[in-house]
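Take a look at the letters that make up each chain.
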Amino acid sequence: MKPALDRMTDMVVDSLSGDARAFYDREFGFFKKVTSISGKLKPFIKKSKPKKKAKIDEEMTKIVVDVGVYLPSIPDGSVIDIDKKSGQPPQSHAKAPFMATFNGCVPIARAE
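Residues numbered from 1 in each chain as written. Predicted model: local features only at pLDDT ≥ 70, side-chain atom pairs only at ≥ 80, totals over all residues. Heavy atoms only, no water.

(A) Molecular detail of the nonpolar core. If you look at the biggest cluster of nonpolar residues, it comprises 15 residues, and the most contacted ones within it are F30, I82 and F98. Secondary-structure elements contributing two or more residues to this core are α2 (18-41), α3 (49-60) and β1 (78-82). Examining the composition of this core, we find that four residues originate from one element, α2, more than from any other. Discounting chain neighbours no more than four positions away, the residues touching F30 are I63, V65, V69, V79, I82 and F102. (Core = buried A, V, L, I, M, F, W, Y, C linked by side-chain atoms within 4.5 Å. Buried < 20%, exposed > 50% of the residue type's maximum accessible area, 1.4 Å probe, protein only. Helix = DSSP H or I, 4+ residues; strand = E, 2+ residues; numbered from the N terminus. Contact = heavy atoms within 4.5 Å.)

Written out as structure tokens, the structure reads:
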């Protein structure tokens, strides 16, 4: 099933152009950079929390937040920056998750 869904996704993405493609590339590029940090943490799974945190912080400083990216949990808002020192490695012996704080804004609805 996954190969069929991957082909469908590729078809949709390949059909995008102009502003829609730029938005897709910006948004998914941003989250790829953020989620790739977990892969870079895998060699640190057995290391101490301070060493994991240092690696998270190091990787987060490399991320540039483009204008207009958003968090799926707050689709009406936008990410302004990442608190580059907020990375926290929760306890995990098999995976390399991490938590981070995003700074954002949500537009205020205007009364008309």
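From this point, things continue past the structure.
(B) Here's a closer look at the environment of E59. As for its position among the elements, E59 is in helix α3. Along the primary structure E59 and G18 are separated by 41 residues, whereas in three dimensions their C-alpha atoms are 30 Å apart. In this structure E59 touches I37 and K40, once residues within four positions along its chain are discounted.

(C) Focus on the packing of α2 against α3. Closest axis-to-axis distance for the α2/α3 pair is 10 Å, and the angle between their directions is 140°. α2 and α3 meet at a crossing whose hand is right-handed. Listed contacts from α3 to I37, K40 and L41 of α2 are K52, K55, I56, E59 and M60. Of the residues belonging to the contact of α2 with α3, the class tally is four nonpolar, no polar and four charged. (Axes fitted to C-alpha atoms, helices over the stretch in contact; angles between N-to-C directions. Left-handed = near helix turned anticlockwise from the far one by under 90°. Nonpolar A, V, L, I, M, F, W, Y, C, P; charged D, E, K, R; others polar.)

(D) Structural context of a nonpolar patch on the surface. Taken together, M1, L5 and M8 make up a surface patch of nonpolar side chains, about 370 Å² in accessible area. Considering the arrangement of structural elements, one finds M8 in helix α1 (residues 2-15). (Patch = residues over 30% accessible without salt bridge, like charges linked within 9 Å, V, L, I, M, F, W, Y side chains within 5 Å. Areas by Shrake-Rupley, 256 points an atom, 1.4 Å probe, with all protein chains shown as cover. Salt bridge = Lys/Arg side-chain N within 4 Å of Asp/Glu carboxyl O.)

(E) Broad picture of the pattern of salt bridges. In the structure shown here, the tally under the stated rule is nine salt bridges. The closest approach of N and O atoms between K55 and E58, which form a salt bridge, is 3.6 Å. Taken together, the residues K55 and E58, both in helix α3 and three residues apart, mark about one turn of the helix. Here K55 falls in the buried class, since its relative accessible area comes to 15%. By relative accessible area, E58 is classed as partly exposed at 37%. Via salt bridges that share partners, K40, K55, E58, E59 and K62 belong to a single interconnected network.

(F) A look at α1. The terminal C-alpha atoms of α1 lie 20 Å apart, and with 14 residues this matches the ideal 20 Å at 1.5 Å per residue to within 8%. Of all 14 residues making up α1, only one are buried, and the element is barely covered by its neighbours. (Expected span 1.5 Å × (residues − 1).)

(G) Fine view of the packing of aromatic side chains. All told, the structure shown has four aromatic pairs when counted by the stated rule. Taken together, the ring pairs in this structure connect F30, F31 and F102 into an aromatic cluster. (Phe/Tyr/Trp six-rings, centres within 6.5 Å; stacked < 30°, edge-to-face > 60°.)

(H) Main features of empty space enclosed by the protein. Scanning the model with the defined rule gives one cavity of 30 Å³ or more in all. Taken as a whole, the largest cavity holds about 50 Å³ of empty space. Lining the largest cavity we find 10 residues, and of these K52, P89, K95, A96 and P97 sit closest to its centre. Its residues placed into classes, the lining of the largest cavity shows seven nonpolar, one polar and two charged. (1 Å grid on protein atoms, 1.4 Å probe; cavity = no way out; pocket = protein on both sides within 12 Å on 5 of 7 lines; lining within 4 Å. Points joined across faces, edges and corners; volume = space filled by probe spheres on them.)

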